[in-house]
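Examining the three-dimensional arrangement
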Amino acid sequence: MSINSNIPEGPLKSKWTDYKSKVALVSPGNKRRIDVIVVGTGLAGAAAAASLGELGYNVQCFTFHDSPRRAHSIAAQGGINAAKNYQNDGDSVYRLFYDTIKGGDYRSREANVYRLAEVSASIIDQAVAQGVPFAREYGGLLENRSFGGVQVSRTFYARGQTGQQLLIGAYQSLNRQIALGNVRMFNRHEMLDVVIIDGKARGIIARNLITGKIERFGAHAVVLGTGGYGNVFYLSTNAMGSNVTAAWKAVKRGALMANPCFTQIHPTCIPVSGDYQSKLTLMSESLRNDGRVWVPAKKEDAIAIQKGQKKGNDIPEGDRDYFLERRYPAYGNLVPRDVASRAAKVECDKGHGVSPTGLAVFLDFGSAIKRYGKSQANLLGIHTPDESTIIKLGNEVVEEKYGNLFEMYEKISGENPYQQPMKIYPAVHYTMGGLWVDYNLETNIPGLFATGECNFSDHGANRLGASALMQGLADGYFVLPYTIGNFLSKEIRTPKIDISAEAFSMAENQVRNNINHILSIQGNQTVESLHKKLGKIMWEYCGMSRSKEGLIKARKMVQELRQEFWTDVYVPGKSEEFNPELEKALRVADFIELGELMIIDALNRNESCGGHFREEFQTEEGETLRDDENYSYVASWLWTNVNNEPELVKEDLKYEEVKIASRSYK
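Owing to the predicted nature of the structure, the values given are computational and were not obtained by experimental measurement.

Another aspect to go through is the pattern of salt bridges. Tallied over the entire structure, the rule returns 53 salt bridges. E285 is paired through a salt bridge with R337; the nearest N and O atoms lie 2.3 Å apart. Of this pair, E285 sits in the loop between strand 11 (263-269) and strand 12 (292-296) while R337 sits in helix 10 (residues 337-349), and the two are 52 residues apart along the sequence. Accessibility assignment for this pair places E285 and R337 in one class, buried. Salt bridges here are not isolated pairs; linked through shared partners, they connect D105, R107, D338, R342, R605, E607, R626, D628 and R663.

Here it is, written out as structure tokens:
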């Protein structure tokens, strides 16, 4: 099988502009005759549905939530990148492009990343026009802050709730199109299959989660904006309902899954407190602007903290190891997420962790509070402030910048982060892998498109912070509305899709048979317990570090778990009713299959890059060791039958603008 990325000819800097001026168009009259299905209402899905509706297409939009605005995008906290150079600190479209390529450890497609950087500035203008309340500096201009992996301030933010505010903006645009009749919204519907007719995606099979009814929906094209699959690890920062099912059903129909093992571990998560937990909470990367990461330099101090005999503030400055600043002086605490995560793991593995489990490091705002306090005192004309005044004024500044994050931390951990340093530890956050798409965001199945985290295209082996919101909105607002025309311009003579066609009947019967099979097992294990088993296997052997020996062992364990699931799972209730356990069972069945493919992909890639860290391939200093000669490609997998070995389809990565180099943040 061969694939074509369909990258336009010409210089990198003019590809997108030239493409837009030559792309095939659909006239307004013809758009009214074309139906498009959009699955998912996060930033990518909502933006796509609203934009396509406004263009005049007939859009059917689906979410398994009770409201489109409950999508997981709402949980993104820290900000969104854009190359506007408001800080006049040397930013540019090229610098954003280069930082993203380097941050992804040279495993992303050059043309897609440059386009992402190019349209980033337009996203901010769009969001401001929608009323998104970005933070502003004293002169009224939009404020920026820094994120990991860069040396400029390009991240726009709305305190610690940027994703929520951006999603509200996209949601109101979507609602306008719903009110005008251009978008028909289907809440509480979950896609369980994609329907292929004559090799093209022509609709979906969905389950009404309230009634349990299996329903058919036809369209000339299908767009997936269904997010990532981090919940394959059970414990992650993802919303509890986030899943891979829509994308995985596309894989079972022949879509390629690209780089599935590329998983991002976020360094600033509230540590696990016990086996009872099923969800982890992220502390925004924006906190690393002012928070300093450290552990006790003396192991005996770390042990005393673990036993509750000491607290962070009891450790004098000279006995603290600010290990990120020590190891990476050029970037300090703002190294990329994969680098910071591995460094924290190294310190905890050495026994310097600061939680009862030993799996935590400190994120300390003490220095920032004093620095801000002194600055505010000067501003108020207090030139010899006492310690309490400095702390009071500094706390007020920090509260203004990060207050809701600090409040969330205190409610979860029971500790006041203004008085004691936060405890953080890496956790699964984002997945860089996803459905393979070409430059048009079209999968290898004609008419099936994937946007946002659902596709693989822009982040390589590691996503830089504040780039997920950027990619989701870029795809939905500024890329797909152009590129989908390439496909739909050839469909204007195609009549309305007939949902009574045999392909719809066959797909619906497969969905029903799958549901009935799961319900008929009536075994002894809950879905939750099986999901937890899967998560432990994936985290232990395919998480922050991987090895050939561990991955081979893990694949056998996942295969055995799949057998266990299909012979011993217990799902109560019926299909034709509200049944959350059935929803969960269907998702976990897909996670188990995906987990095996992630392990296969990790075994195939005999190198370390970004979030994929193979223990056998590292430098003497413990950094990633890429193999550009043998693995500079996108690993795309064809796997329609899990009883057979998957087929690897390679897309070679060619760098014309960027010189490939070792990734250093020292």
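Right, picking up where we left off after that structure.
For the rest of this paragraph, the subject is the environment of G414. One can find G414 in the loop between helix 12 (387-413) and strand 15 (422-431). Separated by 390 residues in sequence, G414 and A24 have C-alpha atoms that sit 57 Å apart.

Attention now goes to the layout of surface pockets. Space inside the second largest pocket adds up to approximately 710 Å³. If you go around the second largest pocket, you meet 27 residues; those closest to its centre are L235, V272, L359, Y425 and W539. Contributing elements (two or more residues each) for the lining of the second largest pocket: helix 10, strand 15 and helix 15 (527-542). Considering every element that reaches the lining of the second largest pocket, the biggest residue donor is helix 15, with five residues. For the lining of the second largest pocket, the class distribution of residues is 15 nonpolar, six polar and six charged.

Positive phi outside glycine occurs at D105, with the angle close to 55°. Relative to the helices and strands, D105 is located in the loop between helix 4 (93-103) and helix 5 (110-129). Taking relative accessible area as the criterion, D105 reaches 0% and is therefore assigned buried. Within the chain, L441 stands out as a residue other than glycine whose phi angle is a positive 65°. For L441, a relative accessible area of 0% gives the class buried.

For the rest of this paragraph, the subject is the pairing of strand 18 (residues 633-638). Buried residues dominate strand 18, accounting for five of its six residues. Relative to strand 18, strand 10 (residues 257-258) runs antiparallel, the two sharing two bridges. Across the sheet, the residue bridging to A258 is S636, located in strand 18. Examined bridge by bridge, strand 18 and strand 19 (residues 647-652) share six bridges and lie antiparallel to one another. Directly across from A635, in strand 19, lies its bridge partner K650.

With that settled, the discussion passes to the packing of aromatic side chains. The full count for this structure, using the stated rule, is 24 aromatic pairs. Ring centres of W16 and Y19 lie 5.3 Å apart, and the angle between their planes is 15°; this geometry places the pair in the stacked category. Linking W16 with Y19, this pair stays in helix 1 (residues 15-22), spanning three residues, or about one helical turn. Each member of the pair, W16 as well as Y19, is classed as buried. Between Y331 and Y665, the aromatic rings sit 4.8 Å apart at their centres with planes inclined by 85°, giving edge-to-face as the arrangement.

Before going further, it helps to examine empty space enclosed by the protein. Over the atoms rolls a probe the size of a water molecule, and in doing so it shows where empty space is left. Applying the stated criterion across every chain, the model contains four cavities of 30 Å³ or more. For the largest cavity, the calculated volume is near 60 Å³. Looking at the largest cavity, the residues that line it are T263, I265, D338, S341, R342, M544 and G611. For the lining of the largest cavity, the secondary-structure elements that each account for two or more residues are strand 11 and helix 10. With three residues, the top contributor of residues to the lining of the largest cavity is helix 10. Broken down by class, the residue content of the lining of the largest cavity amounts to two nonpolar, three polar and two charged.

Turning our eyes to something else, we now look at the sheet that holds strand 8 (residues 214-218). Taken in spatial order, the three strands line up as 6-7-8 in an open sheet, and their pairing is antiparallel. At either margin of the open sheet sits one strand with a lone partner, and together these are strand 6 (189-197) and strand 8. Averaged over all adjacent pairs, the angle separating strand axes in this sheet is 25°, with direction ignored. Sheet topology note: the strand 7 (residues 200-208)/strand 8 ladder contains five bridges and is antiparallel. Residue pairing across strands places I205 opposite R216, the latter belonging to strand 8.

Let us now look at the packing of helix 15 against helix 17 (residues 580-604). Across the interface, helix 15 lies against helix 17 with an axial gap of 10 Å and an inter-helix angle of 20°. Classified by the angle between their axes, helix 15 and helix 17 sit roughly parallel to one another. Between helix 15 and helix 17 lies a crossing of left-handed hand. Along its contact with helix 15, which presents V527, E528, H531, L534, M538 and C542, the element helix 17 presents E581, K584, A585, V588, F591, I592, G595, M598, I599 and A602. By residue class, the composition of the contact of helix 15 with helix 17 is eleven nonpolar, two polar and three charged.

Moving on, we come to the state of the cysteines. Within the structure shown, the criterion is met by zero disulfides. A disulfide-free cysteine, C269 has its sulfur positioned 13 Å from the sulfur of C348, the nearest such atom. The buried category is assigned to C269, whose relative accessible area is 1%. Free of any disulfide, C609 has its nearest neighbouring cysteine sulfur in C261, separated by 7.1 Å. On the basis of relative accessibility, which here comes to 0%, the residue C609 falls in the buried class.

Reading guide: rules and limits
Note that residues are indexed from 1 along each chain, following the sequence as it is written. Selection of residues for local features in this predicted model requires a pLDDT of at least 70, selection of side-chain atom pairs for listing and counting requires 80 or more, and totals for whole chains, interfaces and linings are taken over all residues. Side-chain metrics rest on all non-hydrogen atoms present in the structure, leaving aside hydrogens and water. A pair is scored as a salt bridge if a Lys or Arg side-chain nitrogen falls within 4 Å of a carboxyl oxygen belonging to Asp or Glu. In DSSP terms, a helix is any run of H or I states spanning at least four residues, a strand is any run of E spanning at least two, and both are numbered starting from the N terminus. Exposure categories follow from relative accessible area, calculated using a 1.4 Å probe and restricted to protein chains: below 20% of the type maximum is buried, above 50% is exposed, and the middle band is partly exposed. Here a cavity means grid points, on a 1 Å grid over the protein atoms only, where a 1.4 Å probe fits yet cannot get out; a pocket means an open set of points with protein on both sides within 12 Å along at least five of seven lines; lining residues are those with an atom within 4 Å of a point. Grid points are joined across faces, edges and corners, and a volume is the space filled by probe spheres set on the points. The nonpolar class holds Ala, Val, Leu, Ile, Met, Phe, Trp, Tyr, Cys and Pro. Asp, Glu, Lys and Arg form the charged class, and all remaining residues, Gly among them, are polar. In short, DSSP must find at least two bridges between two strands for them to pair. Each Phe, Tyr or Trp ring (for Trp, its six-membered ring) is paired with any other whose centre lies within 6.5 Å, and the angle between the two planes then decides the class: stacked below 30 degrees, edge-to-face above 60, tilted in between. A fitted line through C-alpha atoms represents every axis, and for helices the fit uses only the stretch in contact; the resulting angles, taken between N-to-C directions, go from 0 to 180 degrees. If an angle is under 35 degrees, it is roughly parallel; if it is over 145, roughly antiparallel; if it lies from 65 to 115, roughly perpendicular; otherwise it is oblique. The handedness criterion is simple: a crossing whose near helix is rotated anticlockwise from the far helix by less than a right angle is left-handed, and one whose near helix is rotated clockwise is right-handed. Between two residues, a contact is recorded if the distance between any of their heavy atoms is within 4.5 Å. The term disulfide is used for any two cysteine sulfur atoms that are within 2.5 Å.

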